[in-house]
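Here are the chains, one letter per residue:
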Amino acid sequence: MRFLLLPFSWIYAFVIACRNGLYNYEVYKTHHVKKSIGIGNLSMGGTGKTPLTIYLTHWLIEHKKNVFILSRGYKRTTTGEIEVKLQHESHEVGDEPLMYKKRFKENVRVLVSKNRWTGSQKARTQDSEAILLFDDIFQHRVVKVDFSIVTTPYNDLFVDDFILPVGRLREPKTNIKRANCILITRCPDGMTSNKKQEIENKLSSFKKPVFFSSIKYDKFTSIGTEIEAIQKILLVTGIADNKALRTYLERSYELEVLSYPDHYQYTQKDMEEIHQKFGNFANNKSIILTTEKDGVRMLKFDQFIKDHKWPLYVQPISIEVQDEKEFKSLIKNYVGEV
């Protein structure tokens, strides 16, 4: 059936080509933002941008750098430019920006703005020396960053995909030329050198440095009643793909799963559904586990969680990058001293 959608893909690709051409030939203005790193993708859906943003933020903080994270605040109910505060709710600023603020607190400033250029100007007026991290910036041509990273998952490489609506590509593969490097995300433990070489060969025609990363699952963090010896988990997620997390948890725990759509805003009815589901299988060694992004979306039900004494935990994640020294050195070459 895919071939029936091909004409629509051709139309979509033509429109994107026209738009990019207007920027390439400077009909539309592009603004260079100094001391900046951009994180993006070619594909719709989750490709590992959020863990990379966390990884880079940790690195910059360790090197005593001031950090501004700029995001559009996907699915927020507000407009304009807003600096994220700890007391915000996820629907006001977006789940990912609030998650960044909750994780790093006073160590970072987080700004949501649909217009990344005006957002960056506001950030600069507040801190002229900060490193600006742009989340999901690759298609926002109005801004040119010092260093652009495109993420693509190990098991769903952009090079194997097709333009919307046949596939999930936001723009043609050849536009990877705007990136400075490609980061392969969600690589499995024990990835063989042959598989790594196979991927590098697939991407060789783009002539971009290729790096590999894997997810690192950190210790559960309790945001409810604490349980000592965990045996059973009800995993609740509203993310694009929870397969890797499920696989990781199934190695050690008895697992039940409730899956909601990506960036899902939970309702009172959902909380009651989760509570009923948990009650059906829970014992005194059971917990409810969710992601950091889901955790900030559940904050508005804090009283419900307390009243029902939920043993609610979140699963923090980070990433490990192979050839980390080379990866960071490449960033320094473009951004300056880090």
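Conventions adopted
- Residues numbered from 1 in each chain as written.
- Predicted model: local features only at pLDDT ≥ 70, side-chain atom pairs only at ≥ 80, totals over all residues.
- Heavy atoms only, no water.
- Core = buried A, V, L, I, M, F, W, Y, C linked by side-chain atoms within 4.5 Å.
- Buried < 20%, exposed > 50% of the residue type's maximum accessible area, 1.4 Å probe, protein only.
- Helix = DSSP H or I, 4+ residues; strand = E, 2+ residues; numbered from the N terminus.
- Contact = heavy atoms within 4.5 Å.
- Expected span 1.5 Å × (residues − 1).
- Arc of directions from axis to C-beta.
- Pairing = 2+ DSSP bridges.
- Axes fitted to C-alpha atoms, helices over the stretch in contact; angles between N-to-C directions.
- Parallel < 35°, antiparallel > 145°, perpendicular 65-115°, else oblique.
- Nonpolar A, V, L, I, M, F, W, Y, C, P; charged D, E, K, R; others polar.
- Right-handed = clockwise from strand over helix to strand, strands pointing away.

A. Examining the nonpolar core more closely. Counting 35 residues, the largest nonpolar core has Ile-37, Leu-52, Leu-56, Ile-149, Phe-327 and Ile-331 as its most contacted members. With six residues, the single largest contributor to this core is helix H2 (residues 49–62). Look past the residues within four positions of Ile-149 in its chain and what remains in contact with it is Ile-37, Gly-38, Ile-39, Gly-40, Leu-52, Leu-56, Cys-181, Leu-183, Phe-327 and Ile-331. In terms of nonpolar packing, the next biggest core, distinct from the first, is built from 20 residues, Val-159, Leu-169, Ile-176 and Phe-206 among them.

B. Expanded view of helix H8 (residues 268–281). Helix length check: H8 (14 residues) gives 21 Å between terminal C-alpha atoms against 20 Å at 1.5 Å per residue, within 8%. If you check which residues of H8 are buried, you get Asp-270, Met-271, Ile-274, Phe-278 and Phe-281. The arc that holds every buried residue of H8, seen down its axis, measures 105°, which confines them to one face. Projecting away from the buried face of H8 at angles above 90 degrees are the exposed residues Lys-269, Gln-276, Gly-279 and Asn-280. Of the surrounding elements, those touching the buried residues of H8 are strand E10 (232–237), strand E11 (254–259), strand E12 (286–291) and helix H10 (302–307).

C. Broad picture of the pairing of strand E6 (residues 143–153). Taken across its 11 residues, E6 has 10 buried, putting it largely inside the fold. Across seven bridges, the pairing between strand E1 (residues 31–40) and E6 is parallel. Within E6, the position partnered with Ile-39 by the bridge is Ile-149.

D. Structural detail: the sheet that holds E11. A sheet is described by the order of its strands in space; here five strands give the open sequence E9-E13-E12-E10-E11, paired in mixed fashion. Looking at strand neighbours, the two that pair on one side only are strand E9 (221–222) and E11, the edges of this open sheet. As paired strands, E10 and E11 are joined by six bridges and run parallel to one another. Residue pairing across strands places Val-236 opposite Leu-258, the latter belonging to E11. Strands in contact with helix H7 (residues 243–250) are E10, E11, E12 and strand E13 (312–315); relative to E10, the strand with the most contacts, it is inclined by about 175°.

E. Inspection of the packing of H2 against helix H11 (residues 324–335) at higher detail. Where H2 meets H11, the axes come as close as 13 Å, and the angle between the chain directions of the two elements is 80°. On the basis of the axis angle, H2 is roughly perpendicular to H11. Packed against H2, whose contacting residues are Leu-52, Tyr-55, Leu-56 and Trp-59, the element H11 presents Glu-324, Phe-327, Lys-328, Ile-331 and Lys-332 at the interface. A breakdown of the residues in the contact of H2 with H11 according to their chemical character gives six nonpolar, no polar and three charged.

F. Spatial organisation of the pairing of strand E8 (residues 210–217). Counting buried positions over the eight residues of E8 gives six, a clear majority of the element. Examined bridge by bridge, strand E7 (residues 181–185) and E8 share three bridges and lie parallel to one another. Bridged to Leu-183 within E8 is Phe-211. Note on the crossover from E7 through helix H6 (residues 193–203) to E8: the handedness is right-handed. Of the strand pairs in this sheet, E8 and strand E14 (residues 317–321) are connected by five bridges, and their pairing is antiparallel. The partner of Ser-213 across the bridge, within E14, is Val-321.

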